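Okay, here's what each chain looks like letter by letter:
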Amino acid sequence: MTNLNCRDCRDFAPIDVVKGVCHITKTTVLGDAEQCGDFSMMPKCKHCSQFTADAETVEMGVCQASTMEPKFFAFPDMVSVTCEYYEQN
Amino acid sequence: MPKTLKEVLAEAGSPMDFESGGHSPKEMVDREVKREPHARVVKLKDIYMDTLSSANNEFPYWYTREYVQHDTEIPVVRRAMSLKSAFSHSTPVIYPGELLVTHKAAFFRGSFPMPWLSEGYYMAKEDELYQEALKHGSASADEHTKFGQGGGNVVESFDKVISIAGKFGMRQEEIPALLKLAKAWVGKSVDDLGHKYEQMVPDYAVKEALMRNVICMFDSGYTLPQGREVINYYYPLEYGIDGLLDMAEELKAKVAGRADGDGIKGTNRLFNYEAIILSLEGLKTWFENYGKEARRLESIEKDAGQKAEYAEIAERLEWLSHGKPRTFAEAFQMMLTIHLAVLNEDAISGMAPGRIAQVLYPYFEQDIAAGRTNEDEVMELLELYRLSMSSIDCFASTGVVGGVLSGNTFNTVSIGGLNKDGGHAVNRLEYLLLEAGLNNPMPQPTLALLYDEKLPEDFLLLAMECIKTGVGYPAFMNNQIGMTFMLGQYGPEGMTAEEARSWAIGGCLESSPCCWKPLHLNGKEYFVPGGAGQPTSVGVHFLAMPKILEAVLWNGVDQRTGEQVFAPHDRKLATYDELFDQFKLYWQKAVDVLALTNNIQHDIWRKNNMAVITSMLKPDCLDRGHLIDEKGYRYNATFNVESAGTITCVNSLAAIKKLVYEDKAVSLDELKTAIKDNFGFKTAEEVNSFSLSDQEQRDGDTGKWDKLHFMCLQAPKYGNDDIFADQILLDWENFFCPDCRNYESLYAHTMYPCQISVSTHGAMGSATIASGDGRLAGTTFADASLSAFPGTDRSGVYALLNSAAIWDHSMSQNSQLNVKIHPSAIQGPSGSRKLLDLIQAYMRKGGFHIQFNVVDTKVLKDAQKNPQNYRDLMVRVAGFTQYWVEIGKPVQDELIARTEYEGI
Ligand code: SF4
């Protein structure tokens, strides 16, 4: 898994768009900081087998679990801990 | 160097003396009272102080995804399905040290756009936002995380953060999703549909012109359709989520297919109950998801104390996902989560929690008696609550968030007042609530003290201590005047004197109808107050009186833009009476057209975007089976007309009356020419100060207007117990208040006056040319509705109170008077006593509202120069308390300029 950082960690509680609290170290860390040895992956659409990336816009894609036609969009960075259709890649 | 007005007047022998009743000490004086909250609160507050307002798309994503699938569904059910999906998919986030949990969005200070209300902003900015999202990604984040001017506002884009409306930060990765979601609502949002239909009002062109020329500040139908009301926590507290689900299921079965005598709306009850059930299911999942997150954190936590706290939080949330609260902590958590749920239903400002210490008292009383908790634990929760409430952001359009709200969301808590039986309603928990406001001074919840002669003296003196911290709360509201207004406005809907006692403040200063409900706890019955009315500040919003006067003087033409706003009146304005008569006619024209267009916007809102969750909470929706759109609320006569710039207009009328019509010292034409020429001064924009005293003469100005300008400044001014100016205020109020009854809301009730400025006195002042009172172009209007214009109240504070109390305040939903006092003027116990005497004197004269900024102007000046040193400085603006660094410059300038009372 490449390019994963604190924002992608299950134990990162986002304070705002820049930083968050690390539940492991109890310190404030930047979301874009590199992952550490305690990293545990946060479910996001980009890790979901139902997600198909958009060919043109990297921040966009389609959720294949969507029950409508055409399928509803999804975006890779969306947190999906509450998504009932999430299946990890 | 061009001269400032202050220098010009000093040379003329009439210095602008902004200190009244003495002189302040030379050195900066800090506020007298300072306290600290519990250690855990300090830690979390440190996080808050360094937090950026942040937004994401999770809620709108799931809302929209569900909504688009059900285009043939009944609107109320479709809306509830969308809400259910959005709540069920909201990511829970809990921070170490929290005891009260749940957040609006997965950030400490999070919010999100609601494109179903209005998507136009994103569409208009599509290109810009997209380019910003592409552009950023190189600079380092650290360099932008320092706070100065702006506080937690993301005033500009940086790194991977895109600024939306100069307030909210959104991750660059989410911008394409935001635009895609916004597109899904083009032509369907309340804004778009409202706009389509409001154009069918015959005088629509006048409305457009009023908005374009900032004579009216904003539409209420799609900007903030709910709020400025008091929420009601009774049902979830009394029944719990499962109890409410059972009740709704039972009632649904009872009404399915039955009209029960109402051939139009009777059968709608089935769909309404179905919507209620869906929403409750969404809330249940929200509680459960938070419970799961607390359990997860418990499982990974190494620290035994924190682990136990997570377990406790998890148990609480798991219980509340179905059961009714049994303890103080459970009731408090339920209240907070329900409050946030309501705020996530709509773009809402001013959803006031109401008289929470009276609502929570049964739990407090029984827990304390049983030894389940103690006052220290209760205090810690009360302090934490201030942090939760201050973290609430409202994601609305730029003009609304900055220009009107100053970033505040007005979750006012009321204290004091009377109980159901007419005794005072103060209890031990109310003392603690006030103390929490002292210990943890934060903008929210601001406190409104419903003053009644029956309130205990020590409680009032404690309130004085709180005011002396400089937080600006509690504001004092006159309970008897409030009740008289309630009975006048809601009597026709059945309000009794007993019920009128339950009223509270919604928003910052909007008197709101409430009711009593019987809460049962362990076999004991308590009557608790809670909101029972629709939003009480919707309708015609912020109509700038000085701009209407300008239109009168120039035959309907706005002088900043040159646009013909009103049809020409072609009157000679030969007498003051003719001038005032025309002012009233233009005013009525503006109110009429704005009332109609706003009715249409709200009608679209109620048809497609009605409140389901707030409705379910408000008596008597659950019993009746009708939501807000079908007048299920007990009180529906809540629409109003909001004025702005009252005192600036009164002073201008006074100057014109005196100089032109009585003394004939100048002709109206000559005065108009001077006003148009800004009395030889630059504009506020050019000077970059919005305070009158800082204005500079134009280079090369010959001084030809100096004498006239001086006369205008010296003309009678409101705030000095001078009947010449005060009579104009009285005449205005005696016209304005009853005139509101000539306009009908979409709920077929007459309207009423609302007289608060929020922050519009800054924004509207900056769009207004000079005025007859000597105010210069672009400078801020007098704040609130009864505050004197800075530096013009020169006869002492009691004279100001006499001027303010000249009219009958019970004719209006509110009035607003802000007074700035130097900390040294009210030092020590005798200072507290003097302050209380002053307040009581005003209340006894029939004043409705008064509040204080206890601050040294030198501190404010320093804070404007060095914002980085004043992240936690708070001031009182109009009806709310806000961090200095988070308010705009026009309002800051007015606060600095405001008369400082050195002695009272
Ligand atoms: S199933 Fe859920 S997590 Fe997976 S792509 Fe769809 S929305 Fe995202």
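## Examining the overall build of chain B
Here is step 1 of the chain: Helix and strand counts for chain B stand at 35 helices and 22 strands.
Here is step 2 of the chain: Against the globule reference of 29 Å for 904 residues, chain B gives a C-alpha radius of gyration of 27 Å, in line with a compact fold.
Here is step 3 of the chain: Along the three orthogonal principal directions, the C-alpha set of chain B runs to about 75 × 65 × 60 Å.
Here is step 4 of the chain: In chain B, which comprises 904 residues, the proportion classed as buried is 70%.
Here is step 5 of the chain: When contacts within chain B are restricted to residue pairs at least 6 apart in sequence, those whose partners lie at least 24 apart make up 77%.
Here is step 6 of the chain: Averaging the coordinates of the 89 positive side-chain charges in chain B and doing the same for the 121 negative ones gives two points 1 Å apart.

## Quick notes on the interface of chain A and chain B
Here is step 1 of the chain: Contacts between the two partners involve 36 residues from chain A, matched on the other side by 51 residues from chain B.
Here is step 2 of the chain: Arg7(A) is paired through a salt bridge with Glu173(B); the nearest N and O atoms lie 3.6 Å apart.
Here is step 3 of the chain: Here chain A is connected to chain B by 16 residue pairs in polar contact (both at pLDDT 80 or more).
Here is step 4 of the chain: Among the elements of the structure, β1 (12-14), β2 (19-22) and β6 (73-74) of chain A are those that each provide at least two residues to the side of chain A that touches chain B.
Here is step 5 of the chain: Looking at the side of chain A that touches chain B, its residues break down into 21 nonpolar, five polar and ten charged.

## Observations concerning the domain arrangement of chain A
Residues and elements named next belong to chain A.
Here is step 1 of the chain: As far as domains go, chain A holds domain 1 (1-41) and domain 2 (43-89).
Here is step 2 of the chain: Once you take the C-alpha centre of each, domain 1 and domain 2 turn out to be 21 Å apart.
Here is step 3 of the chain: Facing the six residues of domain 1 at the interface are eight residues of domain 2.
Here is step 4 of the chain: Ranking the residues of domain 1 by area buried against domain 2 places Arg 7, Asp 8 and Met 41 at the top, with a combined share of 72%.
Here is step 5 of the chain: Counting across the domain 1 and domain 2 interface gives three salt bridges.

## Things to note about empty space enclosed by the protein
One way to see where empty space is left: roll a probe the size of a water molecule over the atoms.
Here is step 1 of the chain: Applying the stated criterion across every chain, the model contains 15 cavities of 30 Å³ or more.
Here is step 2 of the chain: Lining the largest cavity are 31 residues, and of these Pro14(A), Val79(A), Asn56(B), Ala106(B) and Phe107(B) lie nearest its centre.
Here is step 3 of the chain: Only β1 of chain A together with α11 (268-300) of chain B provide two or more residues apiece to the lining of the largest cavity.
Here is step 4 of the chain: With three residues, β1(A) is the single largest residue contributor to the lining of the largest cavity.
Here is step 5 of the chain: Class assignment of the residues belonging to the lining of the largest cavity gives a composition of 15 nonpolar, five polar and eleven charged.
Here is step 6 of the chain: Both domain 1 (1-41) and domain 2 (43-89) of chain A contribute no fewer than three residues apiece to the lining of the largest cavity.

Rules used in this analysis
Residues numbered from 1 in each chain as written. Chains lettered and ligands numbered in written order. Predicted model: local features only at pLDDT ≥ 70, side-chain atom pairs only at ≥ 80, totals over all residues. Heavy atoms only, no water. Helix = DSSP H or I, 4+ residues; strand = E, 2+ residues; numbered from the N terminus. Rg over C-alpha atoms; globule rule 2.2 N^0.38 Å. Buried < 20%, exposed > 50% of the residue type's maximum accessible area, 1.4 Å probe, protein only. Contact = heavy atoms within 4.5 Å. Lys, Arg positive; Asp, Glu negative; His and termini not counted. Charge placed at Lys NZ, Arg CZ, Asp CG, Glu CD. Salt bridge = Lys/Arg side-chain N within 4 Å of Asp/Glu carboxyl O. Polar contact = N/O pair within 3.5 Å; in protein donor to acceptor, adjacent residues only side chain to side chain. Nonpolar A, V, L, I, M, F, W, Y, C, P; charged D, E, K, R; others polar. Domains from an automatic or database assignment. Buried area = accessible area lost by both parts, 1.4 Å probe. 1 Å grid on protein atoms, 1.4 Å probe; cavity = no way out; pocket = protein on both sides within 12 Å on 5 of 7 lines; lining within 4 Å. Points joined across faces, edges and corners; volume = space filled by probe spheres on them.

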